[in-house]
There are 2 protein chains.
Amino acid sequence: MNELLIDLDVHAKASLYEQIYTSVRRDIMGGRLSCGERLPSARLLAASLQVSRSTVDAAYAQLVSEGYIQAKRGSGYYVCDVTGLYDFAQGLACEEHSARQPQSVPREDKKAAGGMYNFLPGQIDAQGFAYNAWRKCAKEALLDLEAGQQLLQLGHPQGEYALRRAVCAYLYRARGVRCEPEQMIVGAGNEYLLLLLGQILGAQRTVAMESPTYLQAYHTFCRIGYTVEAVPMDADGMLPGEIPDTDVSLAYVMPSHQFPLGTVMPLRRRLELLAWAEAQPQRYIIEDDHDSEFRYKGRQIPSLQGITKLDRVIYLGTFSNSIMPSARVSYLVLPLPLLHRYQQTCAFYASTVSRMQQMTVCRFLEQGYFERHLNKMRGIYKGKHDLLLQLLKGKRWVRRIYGGNAGLHIAAELCCALTEQEVAARARALGMCVQGMSECYIAGRRKPDEMPVLLLGFGNLTEKQMREGVDILERCVEA
Amino acid sequence: MNELLIDLDVHAKASLYEQIYTSVRRDIMGGRLSCGERLPSARLLAASLQVSRSTVDAAYAQLVSEGYIQAKRGSGYYVCDVTGLYDFAQGLACEEHSARQPQSVPREDKKAAGGMYNFLPGQIDAQGFAYNAWRKCAKEALLDLEAGQQLLQLGHPQGEYALRRAVCAYLYRARGVRCEPEQMIVGAGNEYLLLLLGQILGAQRTVAMESPTYLQAYHTFCRIGYTVEAVPMDADGMLPGEIPDTDVSLAYVMPSHQFPLGTVMPLRRRLELLAWAEAQPQRYIIEDDHDSEFRYKGRQIPSLQGITKLDRVIYLGTFSNSIMPSARVSYLVLPLPLLHRYQQTCAFYASTVSRMQQMTVCRFLEQGYFERHLNKMRGIYKGKHDLLLQLLKGKRWVRRIYGGNAGLHIAAELCCALTEQEVAARARALGMCVQGMSECYIAGRRKPDEMPVLLLGFGNLTEKQMREGVDILERCVEA
């Protein structure tokens, strides 16, 4: 149980109830109280603050209703997983669309506490992680550090050469990506690499994106001053013919597994997109290949980068799903003209990934652990994926499921009288975190009368949690 | 010995000599060949490429003269430390000042190979590092990972709360910084945090900087589109009265130990600077406290942030010098108005530091290893600092030494007929890396007729290397 630090000011304008509410909320959002921590009972807190019990009850009730804490029968109040809540509370002000942008995509992907059902996308299976192999590689990297003391000093701005070589070799084998280690920049996460890419490509660009899309990328483009054009898509992905003729010089796509729809872009569409890029100098396609590792049916879909000899595809990948989100290791493969521009203008930035971390990942790849781990995880995720599909398929309230057969989440279109927000709020009150598809749309592009679509991540759920979660959803939509 | 991969094209426009030179240079700059690696002998390479020995000799000679490789008598050719060379070769194009900006500050701070004398600033003592304590903390963090599996998932965007708490406690004790963990953002290096700060503060600002200054920060400001005004300084640092009245709303300073001059800003000047900030809304001072940990004489100088109750100081610190440059852990302390703006606009960016790394640093601090390590290193660096001063003080060709008594380098003004570039080139040819003060000036602010000033970093040098390095310098300037 966590001690709460609350300074009440009886002379303040805000009521005592509000002060308690604000103080606890701030501690949760600031990280002082973590997911799963138990709060003092209302009775104890009232006594220690010398306020009435009903004042604390009111503050706790407000926090429960907003999803910051949850009550467990007979056991007290616990801090919830606040993933996705942050901006909702603070109001995310992405200049272009602040009024219409209710919520950002999840950020703080903590594991759900006991009794919670975390169906948010982007969760990996923590049980199945290759702890032994990772520990072995990390320990060897520590010995490297001591043996070759130069590892304490700054390394190459693009990342350790050995790591880049190992990633290139993997990308060629698994994704058909054609690149040399010299073209690769290792960085601390996709957003950082997009920031860097923005500096390489230059300011004032207009980028075409699908909608819905990966909103972290959208927000990053907004922050660096890019104009974003939401381009219509069909079942094959972005429609190159719909890209405005004007100033668009970049297209951000996820051809192998679009987030969040799961669309796979067929070859014909890829060629159309490449033709669009080729039609003008300085046009580039950013291929975000974020969770292409996990495909459960059919053959692996090679990267767009690998099918073209043109210097027009920028390839972006990450170890977030395939190793762990908290590792913060992503990689960017630049076409040669952009590599040259990077070297001229941005190579003064030191690497953002610690050399120890780079050496650990490098050893994990070089010693074959990575691909063994992927094979194992593919089996685990396929099992979860198949179970979730099976649990949903018979339900009257499920109209359609899409984005299956790959990745760590599916999308389920519901058939019910509630809005997406209402379903999500009801689910949250019952201990279940879900993300609505609306949260992935670039401002205002989704029609408000469409049926709710939920993204259901299954990466870190047990069979029991999935079964109970689907029961909760059923209660929410049929109530 | 490293195998060279050189594809010669006899039909190419470039001569065979040029092709060999270019290929080896590219491998060194791209990281394929590392500092200290031995090249094949000219005879062997000529045989394997089926070219004449004199062709290879010419290419090697060119590489030696440009400082990419060095010959060791009777032993062959070795790859040099290419720190600081990168932009020189590629031509750094910082838009505003490309013509006048010959070179960036060092980036790839590899340890000097045997026989090399690496006097570049920013090197830490690798021998004295607390390997055992660090390994213990890293291993405990690995166990944390396995025990609390949520550490695999993404953490708080500002960094682990426990780490922020530990850093705040240290900063308060050691630097007088007043802050709460909620105000701190942990990030992968100072440049990344400046990029983030640029987004928080908003585009189109004008920042006042001293000249000479820390050019990494200068380049970062240029890249984010800030206008930089070089403000005159005297022996007390930046002159607030000289800050142009126009649009300047930021001042970037290092009050406790200015880089590269070593100036300490006295209290009176600090108050003047604070008054400048207070005179207009939205004015902020960025206090970069980069190597305040190492002071060898007199009492510690508290931070500027700690002496004011105004919300006008942004504090930036790093573990690069105090733990290791390759750890990539820095921290930013935001005044409350900017914290609020960060939460509204930038909190969607995931942390750039891996949680394992954060937990390792956190344990290193919490268990007291960090402060013990600092105390030990202060002693080691004081010894090196005093020795270097003593070696230089009697010399006829040393006109003045400044920036002493703190940090990991001193600056020596020479009295000789050569230019700074000539001294540095001669030193490099004799195996000694030094950085000239001119490289730290914001374009064109240094008068070309001034005497050469060298920055002499002593962090990772042995007594023998320092003695021999000073002898080499003597040969360079008196030859």
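Keep in mind the model is a prediction, meaning the values are calculated, not measured. (Residues numbered from 1 in each chain as written. Chains lettered and ligands numbered in written order. Predicted model: local features only at pLDDT ≥ 70, side-chain atom pairs only at ≥ 80, totals over all residues. Heavy atoms only, no water.)

Visitor: Kindly report on the sheet that holds strand β17 (residues 453-457) of chain A, identifying the contributing residues and their values.
Guide: The strands that make up a sheet are held in pairs by hydrogen bonds between backbone atoms, and each pair lies either parallel or antiparallel. All names here are of chain A. The strand order across the open sheet formed by 4 strands is β13-β14-β17-β16, and the pairing between neighbours is antiparallel. Edge positions in the open sheet fall to β13 (398-402) and β16 (435-436), since each of these has one partner strand only. Both β13 and strand β14 (residues 409-414) contribute to a ladder of 4 bridges, which runs antiparallel. Paired with Tyr402 across the bridge in β14 is Ala411. Sheet strands touched by helix α12 (residues 369-393): β13, β14 and β17. Its angle to β14, the strand with the most contacts, is close to 10°. (Pairing = 2+ DSSP bridges. Helix = DSSP H or I, 4+ residues; strand = E, 2+ residues; numbered from the N terminus. Contact = heavy atoms within 4.5 Å. Axes fitted to C-alpha atoms, helices over the stretch in contact; angles between N-to-C directions.)

Visitor: Any chance you could break down the pattern of salt bridges for me, citing the residues and the numbers?
Guide: In the structure shown here, the tally under the stated rule is 43 salt bridges over all chains. The salt bridge involving Arg175 of chain A is made with Asp289 of chain A; its shortest N-O contact spans 2.6 Å. Separated by 114 residues along the polypeptide, Arg175 of chain A in helix α6 (residues 161-175) and Asp289 of chain A in the loop between β10 (284-288) and β11 (313-318) bring together distant segments of the chain. As a salt-bridge pair, Arg269 of chain B and Asp234 of chain B come within 2.9 Å of each other at their nearest N and O atoms. A residue pair is termed long-range when its members are at least 10 positions apart, and Arg269 of chain B in helix α9 (residues 267-278) and Asp234 of chain B in strand β7 (residues 233-234) qualify at 35 residues. Salt bridges here are not isolated pairs; linked through shared partners, they connect Asp234, Asp236, Arg268, Arg269 and Glu272 of chain A. (Salt bridge = Lys/Arg side-chain N within 4 Å of Asp/Glu carboxyl O.)

Visitor: Can you break down the interface of chain B and chain A residue by residue, with the values?
Guide: A common way to report how large an interface is uses the accessible area buried once the components associate. Counting residues at the interface gives 76 residues for chain B and 76 residues for chain A. Together chain B and chain A conceal approximately 7,000 Å² of surface at their shared face, both sides included; 58% is due to carbon and sulfur atoms. For chain B, the biggest contributors to the area lost against chain A are Leu152, Gln153 and Phe348 of chain B; these three give 11% of the whole. Between chain B and chain A we count 4 salt bridges in total. Here Arg32 of chain B makes a salt bridge to Glu182 of chain A, at a shortest N to O gap of 3.3 Å. For the interface between chain B and chain A, the tally reads 22 residue pairs in polar contact (both at pLDDT 80 or more). (Buried area = accessible area lost by both parts, 1.4 Å probe. Polar contact = N/O pair within 3.5 Å; in protein donor to acceptor, adjacent residues only side chain to side chain.)

Visitor: Summarise the packing of helix α5 (residues 131-147) of chain A against helix α5 (residues 131-147) of chain B; cite the residues concerned and give the values.
Guide: As a packed pair, α5 of chain A and α5 of chain B sit with axes 11 Å apart at the nearest point and diverge in direction by 170°. One way to sum up the angle between α5 of chain A and α5 of chain B is to call them roughly antiparallel. Relative to α5 of chain B, α5 of chain A is oriented so that their crossing is right-handed. Within the contact between the two elements, α5 of chain A uses Tyr131, Asn132, Trp134, Arg135, Ala138, Lys139, Leu142, Leu145 and Glu146 of chain A and α5 of chain B uses Tyr131, Asn132, Trp134, Arg135, Ala138, Lys139, Leu142, Leu145 and Glu146 of chain B. Among the residues making up the contact of α5 of chain A with α5 of chain B, the classes are represented as 10 nonpolar, 2 polar and 6 charged. (Parallel < 35°, antiparallel > 145°, perpendicular 65-115°, else oblique. Left-handed = near helix turned anticlockwise from the far one by under 90°. Nonpolar A, V, L, I, M, F, W, Y, C, P; charged D, E, K, R; others polar.)

Nothing here speaks to function; it is geometry throughout.
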